[in-house]
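These are the residues of each chain, in order.
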Amino acid sequence: LTMDNPLQERFEKQAIVVCNHTSVFDLLILISIVPKMSVLMKAAFRKNWIFANVAKFAGYHFVDDTEALYQQVEEDIRMGYSIMIFPEGTRTTDGQLGPFRKGAFTIARYFGVDILPVVLHGMYTLLPKRHFVAHPSDITLEVHARVRPESKFAQQSVLKQMRQMEAFYRECLTDKQSVCIIGDD
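Residues numbered from 1 in each chain as written. Predicted model: local features only at pLDDT ≥ 70, side-chain atom pairs only at ≥ 80, totals over all residues. Heavy atoms only, no water.

## Some points on helix 2 (residues 49-58)
1) Next: Where helix 2 begins, the side chain of Asn48 points an oxygen toward the backbone nitrogen of Ile50, at a separation of 2.9 Å.
2) Next: The positive-phi residue at the C-terminal boundary of helix 2 is Gly59, with phi of around 80 degrees. (Polar contact = N/O pair within 3.5 Å; in protein donor to acceptor, adjacent residues only side chain to side chain. Helix = DSSP H or I, 4+ residues; strand = E, 2+ residues; numbered from the N terminus.)

## Some details on the pairing of strand 7 (residues 140-143)
1) Next: Side chains of strand 7 alternate between two faces, with Thr140 and Glu142 and Leu141 and Val143 buried alike.
2) Next: The pairing of strand 1 (residues 2-4) with strand 7 spans 3 bridges and is classified as parallel. Directly across from Thr2, in strand 7, lies its bridge partner Thr140.
3) Next: Direction of pairing for strand 6 (residues 114-121) relative to strand 7: antiparallel, over a ladder of 4 bridges. Bridging from a neighbouring strand, Leu120 pairs with Leu141 of strand 7. (Buried < 20%, exposed > 50% of the residue type's maximum accessible area, 1.4 Å probe, protein only. Pairing = 2+ DSSP bridges.)

## Regarding the side chain of His144
1) Next: Counting through the fold element by element, His144 comes out in the loop between strand 7 and helix 6 (152-155).
2) Next: Within the structure, the side chain of His144 is placed 2.9 Å from the side chain of Glu142, a separation counted as a polar contact.

## Things to note about the packing of helix 4 (residues 103-111) against helix 7 (residues 158-174)
Helix-helix packing: each pair is described by the crossing angle between the helix axes and the interaxial distance.
1) Next: Across the interface, helix 4 lies against helix 7 with an axial gap of 9 Å and an inter-helix angle of 130 degrees. Taken together, the axes of helix 4 and helix 7 are oblique relative to one another. Between helix 4 and helix 7 the crossing geometry is right-handed. Mapping the contact onto sequence places Phe105, Thr106 and Arg109 in helix 4 and Val158, Gln161, Met162 and Met165 in helix 7.
2) Next: The class makeup of the residues in the contact of helix 4 with helix 7 is 4 nonpolar, 2 polar and 1 charged. (Axes fitted to C-alpha atoms, helices over the stretch in contact; angles between N-to-C directions. Parallel < 35°, antiparallel > 145°, perpendicular 65-115°, else oblique. Left-handed = near helix turned anticlockwise from the far one by under 90°. Contact = heavy atoms within 4.5 Å. Nonpolar A, V, L, I, M, F, W, Y, C, P; charged D, E, K, R; others polar.)

## Description of the pattern of salt bridges
1) Next: Applying the stated criterion to the full structure yields 8 salt bridges.
2) Next: The partner of Arg10 in a salt bridge is Glu12, with the nearest N and O atoms 3.1 Å apart. Each member of the pair, Arg10 as well as Glu12, carries the same accessibility label: exposed.
3) Next: Connected through salt bridges with shared partners, the residues Glu9, Lys13, Asp114, Arg146 and Arg148 form a single ionic network. (Salt bridge = Lys/Arg side-chain N within 4 Å of Asp/Glu carboxyl O.)

## Quick look at the sheet that holds strand 1
1) Next: With mixed pairing, 7 strands are arranged side by side in an open sheet as 1-7-6-2-5-3-4. The sheet is open, and its two edges are formed by strand 1 and strand 4 (61-63), each paired on a single side. Taken over all neighbouring pairs, the strand axes of this sheet differ in orientation by 25 degrees on average, direction set aside.
2) Next: With respect to the sheet, helix 4 is in contact with strand 2 (15-19), strand 3 (37-42), strand 5 (82-85) and strand 6, its orientation differing from that of strand 2 by roughly 165 degrees.
3) Next: Contacting strand 2, strand 6 and strand 7, helix 7 crosses the sheet at an angle of about 30 degrees to strand 6.

## A short note on the environment of Gly103
1) Next: Structurally, Gly103 can be placed in helix 4.
2) Next: The class of Gly103 is partly exposed, set by a relative accessible area of 33%.
3) Next: As for Gly103 and Glu12, which are separated by 91 residues in sequence, their C-alpha atoms are 23 Å apart.

What follows is the structure, encoded as structure tokens:
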């Protein structure tokens, strides 16, 4: 695992951490680098007793009851936790970035916290969805600049934020050598 963290992000201040989702191992890598993090999981995982019990034990939250979810997220943020959200909502089945959903951006705006973009490369070849044997892969984790609530990017509509962030991820995943910049400040 190579970590590309040019701004030396220390993960000490809470944020909405957003990351592309290509492998079941994505979450394991992220929880290993972000010390205080809660995770939002799709409600369908409640049906899987293994995921449901692990999530309950870890204090993670299912996205099914908006009011209860916002209360849980508010408590986590108050306690200094970052919130991990995969904006695609599910792992990719073909290695390509899926369409983003607006939840991460809505929550960041509602609570006035930073968005912290993290891009994972190489995870799909490690263990694609519906596969059970891991394969060797060069994995790179890119940590990008925080998007602050007072930035011009964050002042846009949630829908524009979502579309711009998705385009940003597509650029980063298409050309790993390019410098990806989100927003204008």
